[in-house]
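For reference, the chains in residue letters:
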Amino acid sequence: MVNPSSSQHAGAERRLRDLGIVLPNAPHPLGAYVETVQSGSLLFLSGMLPVRDGKLQFVGRLGKELDESAGRDALRTATLNALSAAKAHVGSLDRVTRVISVKVYLATSGDFYNQPIVADAASELLRDVFGEDKMSVRSVLGLAALPLGAPVMLEVTLEVDN
Amino acid sequence: MVNPSSSQHAGAERRLRDLGIVLPNAPHPLGAYVETVQSGSLLFLSGMLPVRDGKLQFVGRLGKELDESAGRDALRTATLNALSAAKAHVGSLDRVTRVISVKVYLATSGDFYNQPIVADAASELLRDVFGEDKMSVRSVLGLAALPLGAPVMLEVTLEVDN
Amino acid sequence: MVNPSSSQHAGAERRLRDLGIVLPNAPHPLGAYVETVQSGSLLFLSGMLPVRDGKLQFVGRLGKELDESAGRDALRTATLNALSAAKAHVGSLDRVTRVISVKVYLATSGDFYNQPIVADAASELLRDVFGEDKMSVRSVLGLAALPLGAPVMLEVTLEVDN
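Calculation notes
- The residue numbers shown here count from 1 along each chain, following its written sequence.
- Chain letters and ligand numbers both follow the written order, the letters beginning at A and the numbers at 1.
- Where totals are concerned, whole chains, interfaces and linings use all residues; where local detail is concerned, this predicted model gives features only for residues with pLDDT of at least 70, and gives and counts side-chain atom pairs only at 80 or more.
- Throughout this description, the term nonpolar core refers to a group of buried Ala, Val, Leu, Ile, Met, Phe, Trp, Tyr and Cys residues whose C-beta atoms join them within 7 Å.
- Counting other C-beta atoms within 10 Å of a residue's own tells you its class, since 20 or more makes it buried, 12 or fewer makes it exposed, and anything in between is partly exposed; those C-beta atoms are placed from the backbone.
- Residues are treated as contacting if the C-beta atoms built from their backbones sit within 7 Å of each other.
- A run of H or I in DSSP counts as a helix once it spans at least four residues, and a run of E counts as a strand once it spans at least two, with each numbered from the N terminus.
- Residue polarity follows a fixed list, in which Ala, Val, Leu, Ile, Met, Phe, Trp, Tyr, Cys and Pro are nonpolar, Asp, Glu, Lys and Arg are charged, and the others, Gly among them, are polar.
- Pairs of strands are assigned from DSSP output, requiring at least two bridges between the strands.
- In this analysis, axes come from line fits to C-alpha atoms, helices being fitted only over the stretch in contact, and the angle between any two N-to-C directions falls in the range 0 to 180 degrees.
- Note on convention: the crossing is left-handed when the near helix lies turned anticlockwise from the far helix by less than a right angle, right-handed when the turn is clockwise.
- A residue's pLDDT is simply how confident the predictor is in it, with values from 0 to 100.
- Only residues with pLDDT of at least 70 in both copies count here: their C-alpha atoms drive the least-squares fit that superposes the copies.
- Expected helix span is taken as 1.5 Å per residue step, with the number of steps being one fewer than the number of residues.
- The angle between axes fitted to the seven-residue stretch ending at a residue and the seven-residue stretch beginning at it gives the bend at that residue.

1. What to know about the nonpolar core
Leu143 and Leu154 of chain A, Leu143 and Leu154 of chain B together with Leu143 and Leu154 of chain C are the most contacted members of the largest nonpolar core, which has 165 residues in total. The contacts of Leu143 of chain A, once residues within four sequence positions are left out, are Tyr105, Leu106 and Ala107 of chain A, Leu143 and Ala144 of chain B together with Leu141, Gly142 and Leu143 of chain C.

The following block contains the structure:
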């Protein structure tokens, strides 16, 4: 049984275990780019889709083919891919000193305004893994379309020890 | 009466006063994120909406419910929020050594192309406050929808003395 | 005749010549901003449009007025503008130590999903100029509209020797 207070000052790897999260395989690029680039202490990640084992898990637009709840599930899947890609780069997520920025892109037909609720699926997972004191800035955007017809994409920039 | 030449080399705080600008209260996050994150000398800001005291001041899309002039007013409101958030972080805007990047997001039905004119409401205010020599790079995008139905969102990254 | 292996470890300027690429004039801002800002070793670029000599070379949306092939041509034009703007800043593209991030914005009516294929027109050109070992992270987004009715916009961040 998890004692939340005992893991409050624990690192991200310990929190992942406490939360029962097993990271998926790191995602693969869809073209002539890479999933992570580090410059100094900044770790940039490619836009993450709700893909698992190379296959898109959700297709459609929010407020049209998919509702808020499906949007949150899709974004959580994309967030796990971001964590996996970051871990593949730095070895241990304990080396993440700050989540700098999160951009949440939502495919929508244009009349879906509960974007912050969906976006929180990413922000809350990142907060649970890295802690309250490492929360990021955030922007949330409603897009006409995302690659492959995905409903969500997530772009994360991290600060890592260098 | 303001003598422009005398404030040319003045700091941002002096220029704000010369322009008669009183910054609004700093905005509050709509979810599990924060308004500012500093990493080294980079100060990242969350996407700013045209909110005042927690209430959206403008709703609708450019070229549809709102015209160019309303878009500029909305973006100016968002820009003041960015300045307020930055000031809450660094204490004095005189510590801003450069406006690095500005991203202007405009909600539009798709047939509104005067985006640079609207975007200049942000760029011109930032230039007037920080000076010609601190102007940023910029991207302007027409979006299907923004959080809460807002017509504009502004994302600013600053360089601050460290 | 080009010997690819001989230019494998060559700098970007040599590769540009081997590829027969002559860079266009650097683009000009459409408002109160600049095309490049350097902070430390990070070189930020404004969003680049498919403009040549101040005139938009392509107008319309992907999947509607323009097809995939025209989208790739437009993005290649925007990428050459990015290279030109970067070179104007650093003097020689040999000073680029890494392509950090690439964001590809595509104007689309919403039913165009071959975005990665179009985006690769930018990624492949940057790879050919800077090399496999300097490939960037990438995000690709489908937008409702871009400034002036452009079909594509490209945003690049570079790491340069400092």
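2. As for the interface of chain B and chain C
Across the contact, 28 residues belong to chain B and 23 residues belong to chain C. Elements with a minimum of two residues in the side of chain B that touches chain C: β5 (96-107), α3 (115-130) and β6 (137-143) of chain B. Its residues placed into classes, the side of chain B that touches chain C shows 13 nonpolar, 9 polar and 6 charged.

3. Observations concerning the sheet that holds strand β5 (residues 96-107) of chain A
Working definition: the strands of a sheet are paired by backbone hydrogen bonds and lie parallel or antiparallel to each other. Residue and element names in this part refer to chain A. The 5 strands are arranged β1-β2-β7-β5-β6 in an open sheet whose pairing can be described as mixed. A single partner strand is all that each edge strand has here, and the edge strands are β1 (36-39) and β6 (137-143). When strand polarity is set aside, the average angle formed by the axes of neighbouring strands in this sheet is 15°. Pairing of β1 with strand β2 (residues 42-45) involves 4 bridges; the strand directions are antiparallel. Residue pairing for β2: Gln38 is matched across the bridge by Leu43. Helix α2 (residues 68-90) contacts β1, β2, β5 and β7 (152-160) of the sheet and is inclined by roughly 35° relative to β7. In this fold helix α3 (residues 115-130) packs onto β5, β6 and β7, with an angle of close to 160° to the strand it touches most, β5.

4. Quick look at the pairing of strand β2 (residues 42-45) of chain C
Residues and elements named next belong to chain C. Where burial is concerned, the two faces of β2 agree: the one with Leu42 and Phe44 and the one with Leu43 and Leu45 are both buried. Remark: 2 residues form the turn of the hairpin made by strand β1 (residues 36-39) and β2, two consecutive strands paired antiparallel; Gly40 in that turn has positive phi of roughly 60°. For β2 and strand β7 (residues 152-160), the ladder comprises 3 bridges, and the chain directions are antiparallel. When the bridges of β7 are listed, Leu43 appears paired with Leu158.

5. Quick word on the packing of α2 of chain A against α3 of chain A
All names here are of chain A. Across the interface, α2 lies against α3 with an axial gap of 8 Å and an inter-helix angle of 35°. Regarding α2 and α3, the two cross each other, and that crossing is right-handed. Contacts between α2 and α3 pair Glu68, Gly71, Arg72, Leu75, Arg76, Thr79 and Leu83 from the former with Ile117, Val118, Ala121, Ala122, Leu125, Leu126 and Val129 from the latter. Considered class by class, the residues forming the contact of α2 with α3 number 9 nonpolar, 2 polar and 3 charged.

6. Observations regarding the confidence of the model for chain A
Residues and elements named next belong to chain A. Mean pLDDT for chain A: 93, with 94% of residues reaching 70 or above. Scored below 50 in pLDDT, residues 1-7 shows 5 contacts in the model against residues more than four places distant or in partner chains. Here the predicted complex carries an ipTM of 0.94, next to a pTM of 0.95.

7. Details of the relation of the copies chain C and chain A
Rotating chain C by 120° and moving it 0.0 Å along the rotation axis overlays it on chain A with an RMSD of 0.0 Å. In the structure described here, the two chain copies are related by an operation that fits a three-fold rotation axis.

8. Some remarks on the sheet that holds strand β5 (residues 96-107) of chain C
Residue and element names in this part refer to chain C. Taken together, the 5 strands give an open sheet; going across it, the order is β1-β2-β7-β5-β6, and neighbouring strands pair in mixed fashion. At either end of the open sheet lies a strand with only one pairing partner, and these are β1 and β6 (137-143). The mean inter-strand angle of the sheet, taken between neighbouring strand axes irrespective of direction, is 15°. Across 9 bridges, the pairing between β5 and β7 is antiparallel. Residue pairing across strands places Ser101 opposite Thr157, the latter belonging to β7. Strands β1, β2, β5 and β7 of the sheet are contacted by helix α2 (residues 68-90), whose axis makes an angle of about 35° with β7. Set on the sheet, helix α3 (residues 115-130) makes contact with β5, β6 and β7; between it and β5 the angle comes to about 160°.

9. Let's talk about the environment of Gly31 of chain C
Along the chain, Gly31 of chain C falls in the loop between α1 (12-18) and β1. C-beta crowding within 10 Å serves as the criterion here: with 21 such atoms nearby, Gly31 of chain C is assigned to the buried category. For Gly31 of chain C, the residues in contact, after removing those within four places along its chain, are Pro116, Ala119, Asp120 and Ser123 of chain B.

10. Some details on the relation of the copies chain B and chain C
When chain B is fitted onto chain C, the two copies agree to an RMSD of 0.0 Å after a turn of 120° and an axial shift of 0.0 Å. A low fraction, 7%, of the interface residues of chain B reappear at the interface in chain C, so the copies pair through non-equivalent surfaces.

11. Observations concerning α3 of chain B
All names here are of chain B. Here α3 contains 16 residues, and its C-alpha end-to-end distance of 23 Å stays within 8% of the 22 Å for a straight helix at 1.5 Å per residue. The largest bend in α3 comes to about 30°, at Ala121. For α3, the secondary structure elements touched by its buried residues are α1 (12-18), α2 (68-90), β5, β6 and β7 (152-160). The positive-phi residue at the C-terminal boundary of α3 is Gly131, with phi of around 105°.

12. Some points on α2 of chain A
Taking 1.5 Å per residue as the helical rise, α2 of chain A with its 23 residues ought to reach 33 Å, and the 33 Å between its terminal C-alpha atoms agrees with that figure. Downstream of α2 of chain A by one or two residues, Gly91 of chain A has phi in the positive range, about 90°.

13. Considerations on the interface of chain C and chain A
Each partner contributes residues to the interface: chain C has 28 residues there, and chain A has 23 residues. Those elements giving two or more residues to the side of chain C that touches chain A turn out to be β5, α3 and β6 of chain C.

14. Things to note about unusual backbone geometry
One can expect most non-glycine residues to show negative phi and most peptide bonds to be in trans. Here Leu148 of chain A, not a glycine, exhibits a phi torsion of approximately 65°, which is positive. By the element assignment, Leu148 of chain A lies in the loop between β6 and β7. For Leu148 of chain A, a count of 17 C-beta atoms within 10 Å gives the class partly exposed. With a phi close to 50°, Asp53 of chain B is a non-glycine residue in the positive phi region. For Asp53 of chain B, the location among the structural elements is in the loop between β3 (51-52) and β4 (55-56).

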